[in-house]
Amino acid sequence: MELVAGCYEQVLFGFAVHREPQASGDLEQKWTAVADFTHHAHTASLSAVAVNSRFVVTGSKDETIHIYDMKKKIEHGALVHHNGTITCLKFYGNRHLISGAEDGLICIWDAKKWECLKSIKAHKGRVTFLSIHPSGKLALSVGTDKTLRTWNLVDGRSAFIRNIKQNAHIVEWSPKGEKYIVVTMNKIDIYQLDTASVSGTITNEKRISSVRFLFESVLAVAGDEEVVRFFNCDSLMCLCEFKAHENRVKDILSFEIPEHHVIITASSDGFLKVWKLNHDKGVPPSLLCEVNTKARLTCVGVWLDRVTDKKQSLLPAAEPSPVSKDQSQIHQKEPGDEVQEEERQSKPNTKKGGLTGDNGKPKKENSLVSPKKRKMAKMLEKKKKRKKIQMIRQVAAFSYEKTSLPE
């Protein structure tokens, strides 16, 4: 297990977490976090991080996305399609990455060849957050144009727009995809998928910086304060709260490994902390280990040295989406909300052609190709040209022999 964290100081940290063998007299297994690497690739503060079974990708205010191969521990390259701060990065399985930025674009990337398959003008303002449905066919995004948009990832189109009263900065699907939340300032609106309406609102004391579903009905909420709270989405009650850091908590991560449900918190105080969730959600989690990065952290991820997600790719464009019915339910008109159907865009990159765009060929400037591969491609191209020239000469000579008069 490796913790990766970005900060305002433009550095990506990596810490290897080891679980020591439990002694016979010890009640708890000891965990230790050891510094593994620091990488200063960006020229501005890091704003987002995402992890799959092999790669870690980071987004920054320098408008670039950098890729790190965690198995080889080397930088793999950079993606430079966006014009503006990278605001969100999400992997779906091991084959696709989705990015959002201040330029209002959402880009779908092939995480094998690192080519931009689809570039969508998603919001009139900047994209502040996006979340992928567990099925991989549907996504939600929010932006500074005060809209919540639903995306069909099968064909890369926006089907509906819901106008909201304020600029939302977080949207998140639940683990089963039966509900989703929209966060504006210190309020969390909980939407039920089956009723397509707000089932309740949770209010935090201060502005919310990060939200994670621990379970289908339990939320971990962090804000511009030292405290983390657990809320029940059904009763809307606070189950417990605990002081996690000495400064505001910037990001929370939650995942499960054998015998442990783990929570990671990152704070502006420089600390990364690993917590073990108790069976009783009303009891605060217990601290497993912590490490001081001495930097102002902004985002956190965890890399597990194994394939934890069996969903390897988004579904092909030819397959119909079974969630299309749910899409229409999500956006039924409610009092105070205006629901609009997305206007048909005439730009070439929004024509129906699957995730690969119009003609299935990504733009060359979006490709990530190593110098070695580029050199080999040039050599093959020259070889093909030589063969073609030879063939043309042979055909011409044969044609001349056939058409020449005998002496």
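All values reported here derive from a predicted model rather than from experimental measurement.

Q: Explain the overall build of the protein to me, using residue names and the numbers behind them.
A: Secondary structure assignment for the protein yields two helices and 29 strands. Looking at the 407 residues of the protein, the share that counts as buried comes to 51%. As displayed, the protein has an accessible area near 20,500 Å², and 51% of this comes from carbon and sulfur atoms.

Q: Would you mind going over the nonpolar core in detail, with residue names and values included?
A: Ranked by size, the top nonpolar core spans 26 residues in total, and within it I181, I188, V211 and L219 carry the most contacts. Elements that contribute at least two residues to this core include exactly β13 (138-143), β16 (170-173), β17 (179-184), β18 (187-192), β20 (208-215) and β21 (218-223). Broken down by element, this core gets its largest block of residues, four residues, from β17.

Q: Can you lay out the pattern of salt bridges for me, pointing to particular residues and giving the numbers?
A: If you walk through the whole model with that rule in mind, you get 14 salt bridges. Salt-bridge contacts for R95 lead to D110; the nearest nitrogen and oxygen are separated by 2.9 Å. Of this pair, R95 sits in the loop between β8 (86-92) and β9 (96-101) while D110 sits in strand β10 (residues 105-110), and the two are 15 residues apart along the sequence. The partly exposed category is assigned to R95, whose relative accessible area is 29%. Among the ionic pairs, D145 bridges to R149, the shortest N-O distance being 3.1 Å. Accessibility expressed as a relative area gives 6% for R149, which makes it buried. One continuous salt-bridge network, built from bridges that share partners, spans E205, E225, R229 and E241.

Q: Which residues make up the side chain of H82, and what values go with them?
A: The topology assignment puts H82 in the loop between β7 (74-79) and β8. For H82, a relative accessible area of 3% puts it in the buried group. In this structure the side chain of H82 is engaged in a polar contact, spanning 2.8 Å, whose partner is the side chain of S99. Side chain to side chain, H82 and D103 meet in a polar contact 3.2 Å long. Beyond its immediate stretch of four places on either side in the chain, H82 contacts E63, I65, S99, G100, A101, D103, L105 and C107.

Calculation notes
- Residues numbered from 1 in each chain as written.
- Predicted model: local features only at pLDDT ≥ 70, side-chain atom pairs only at ≥ 80, totals over all residues.
- Heavy atoms only, no water.
- Helix = DSSP H or I, 4+ residues; strand = E, 2+ residues; numbered from the N terminus.
- Buried < 20%, exposed > 50% of the residue type's maximum accessible area, 1.4 Å probe, protein only.
- Areas by Shrake-Rupley, 256 points an atom, 1.4 Å probe, with all protein chains shown as cover.
- Core = buried A, V, L, I, M, F, W, Y, C linked by side-chain atoms within 4.5 Å.
- Salt bridge = Lys/Arg side-chain N within 4 Å of Asp/Glu carboxyl O.
- Polar contact = N/O pair within 3.5 Å; in protein donor to acceptor, adjacent residues only side chain to side chain.
- Contact = heavy atoms within 4.5 Å.

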